[in-house]
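# Structural overview for review
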Amino acid sequence: MLEHLLSLGHDVRVVSYDRGVRNLSPDFDVHAITGLHIVSVNNKLSATATVARNVRACRRLYRSWRSVCGLMEAFAPHAVITDFEPMTAYAARRSGVPLVTIDNQHRMRFMSYPPVPAARWDGFVTRSVIRAMVPQPAASLISTFYRGEVTDPRAELYSPILRQVVRDLTPTTGDHVLVYATQAFDGLVDVLRTCAGQVFRVYGFDRDDREGHIVFRPFSVDGFLADLASSRGVVATAGFTLMTEALHLGKPMLALPMSGQYEQRLNAHLLETMGLGAMAPLVTRQALEQFVAGINRYTAALRAYPRDDGGPIKARLAALLADNARALGPAPSSAGGV
């Protein structure tokens, strides 16, 4: 999307942190900040560790806020686009600049969907957090693999935004299942050891060795994408990015939603509802074996999964930003509603 903005002739400044800075700095003008983080242990959100980590970062967060406000004043943009990053959203509000959201989180605020079992309160809290994190968007372009009814006139639904390197992959079907975990999740490896009838290629554990049918892979973007494109299916936490890349490539997924993370529970719930994979709130040998046994059925269902090249959302963004973002109108005042 950044490359698309530049191709339209826009002058762009990027605000990001951590991995975003490392990935984007070689190609874009990036302003580095400190961001908020979630901490999990064995696929369970640790509220205490999450709060502690972010409290320790308070001074850096405040300095980042001041620096973003300074950037807004110096750059004077006609519009701000946020991928669910709150500092830029609040800086836009402070400066009276129209805000566009491009993310998947706003599904939970501006789209109807089948209710997640036993999670009504979690859904309410999540919607409240989204409302607080990103106030007063003028337009919300929502990336989603499930198309529910839009519940707000500011919102529009589009196919998931994928990296071009993923779109360029040619899927094949090998004999392995790709496994990926982003944080400590030793319990997953214990379950993999019990399923000797299936080869697993495992990423995210900082290992480069083999235990029989389990092949641990070191970090490698190219290696990971090659193993994804040639896999039978995917086992991973229920993050949106990998899930939508797998669906685009026709790879069924066993989603392991992080405990305490409502968005991941929703992703897994919708995946299973659509018949494109399965979910397992607690990873067990039975859940893994049932998923492997059903891979062919899920793969057949994925042939009807809708795909596009990202053209519709790019065209809409171009229209919103044309003529100095006139279509967005004036931003709401900082005292207005969210």
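Now for a quick tour of the structure. (Residues numbered from 1 in each chain as written. Predicted model: local features only at pLDDT ≥ 70, side-chain atom pairs only at ≥ 80, totals over all residues. Heavy atoms only, no water.)

### Focus: the layout of surface pockets
- Put simply, the second largest pocket is a space of about 190 Å³.
- Surrounding the second largest pocket, V116, P117, D122, P257, M258, S259, G260, R265, H269, M279, P281 and L282 form its lining.
- When grouped by side-chain class, the residues that make up the lining of the second largest pocket number 7 nonpolar, 3 polar and 2 charged. (1 Å grid on protein atoms, 1.4 Å probe; cavity = no way out; pocket = protein on both sides within 12 Å on 5 of 7 lines; lining within 4 Å. Points joined across faces, edges and corners; volume = space filled by probe spheres on them. Nonpolar A, V, L, I, M, F, W, Y, C, P; charged D, E, K, R; others polar.)

### Describing the pairing of strand β7 (residues 139-143)
- Of all the 5 residues making up β7, 5 are buried; the element is thus mostly covered by neighbouring parts of the structure.
- The pairing of strand β6 (residues 99-103) with β7 spans 4 bridges and is classified as parallel. Bridging across to β7, D103 finds its partner in I142.
- Across 4 bridges, the pairing between β7 and strand β8 (residues 155-158) is parallel. (Buried < 20%, exposed > 50% of the residue type's maximum accessible area, 1.4 Å probe, protein only. Helix = DSSP H or I, 4+ residues; strand = E, 2+ residues; numbered from the N terminus. Pairing = 2+ DSSP bridges.)

### Here we look at helix α9 (residues 186-193)
- The set of residues buried in α9 consists of L188, V189, V191 and L192. The buried residues of α9 occupy an angular sector of 160 degrees when the element is viewed end-on, so they sit on one face.
- Those residues of α9 that are buried are in contact with β9 (176-180), β10 (199-203), β12 (214-216), β13 (233-237), β14 (253-256) and α13 (285-293). (Arc of directions from axis to C-beta. Contact = heavy atoms within 4.5 Å.)

### Digging into the packing of helix α11 (residues 240-248) against helix α12 (residues 262-273)
- Two numbers describe how α11 lies on α12: the axes approach to 10 Å, and their chain directions differ by 20 degrees. Taken together, the axis directions place α11 and α12 in an arrangement best described as roughly parallel. Helix-helix and strand crossings are classified by hand; for α11 and α12 the assignment is left-handed. Facing α11, whose interface residues are F240, M243 and L247, α12 presents E263, N267, A268 and L271.
- The class makeup of the residues in the contact of α11 with α12 is 5 nonpolar, 1 polar and 1 charged. (Axes fitted to C-alpha atoms, helices over the stretch in contact; angles between N-to-C directions. Parallel < 35°, antiparallel > 145°, perpendicular 65-115°, else oblique. Left-handed = near helix turned anticlockwise from the far one by under 90°.)

### Some thoughts on the sheet that holds β12
- One open sheet holds the 7 strands; their spatial order is β11-β12-β10-β9-β13-β14-β15, and the pairing between them is mixed. Each edge of the open sheet carries a strand with a single partner, namely β11 (210-211) and β15 (277-279).
- The strands touched by α9 are β9, β10, β11, β12, β13 and β14; relative to β12, the strand with the most contacts, the crossing angle is about 145 degrees.
- The strands that α13 touches are β10, β13, β14 and β15; relative to β14, the one it contacts most, it runs at about 155 degrees.

### With respect to the packing of aromatic side chains
- This model, assessed by the stated rule, comprises 6 aromatic pairs.
- Members of the aromatic cluster, each reached through a chain of ring pairs, are Y180, Y203 and F224.
- Lying over the aromatic face of F216, R207 brings its terminal NZ or CZ to 3.7 Å of the ring centre.
- Lying over the aromatic face of Y298, R297 brings its terminal NZ or CZ to 4.8 Å of the ring centre. (Phe/Tyr/Trp six-rings, centres within 6.5 Å; stacked < 30°, edge-to-face > 60°. Lys NZ or Arg CZ within 6 Å of the ring centre and 35° of its normal.)

### Thoughts on the nonpolar core
- Counting 51 residues, the largest nonpolar core has Y113, F145, L228, V234, M243, L247 and L271 as the members making the most contacts within it.
- Setting aside residues no more than four positions away along its own chain, F145 makes contact with R107, P160, F240, M243, T244, L247, N267, L270, L271, M274 and Y305.
- Core analysis: the second largest hydrophobic core is formed by 26 residues, V177, F185, F205 and I295 among them. (Core = buried A, V, L, I, M, F, W, Y, C linked by side-chain atoms within 4.5 Å.)

This is a description of form; function is not addressed.
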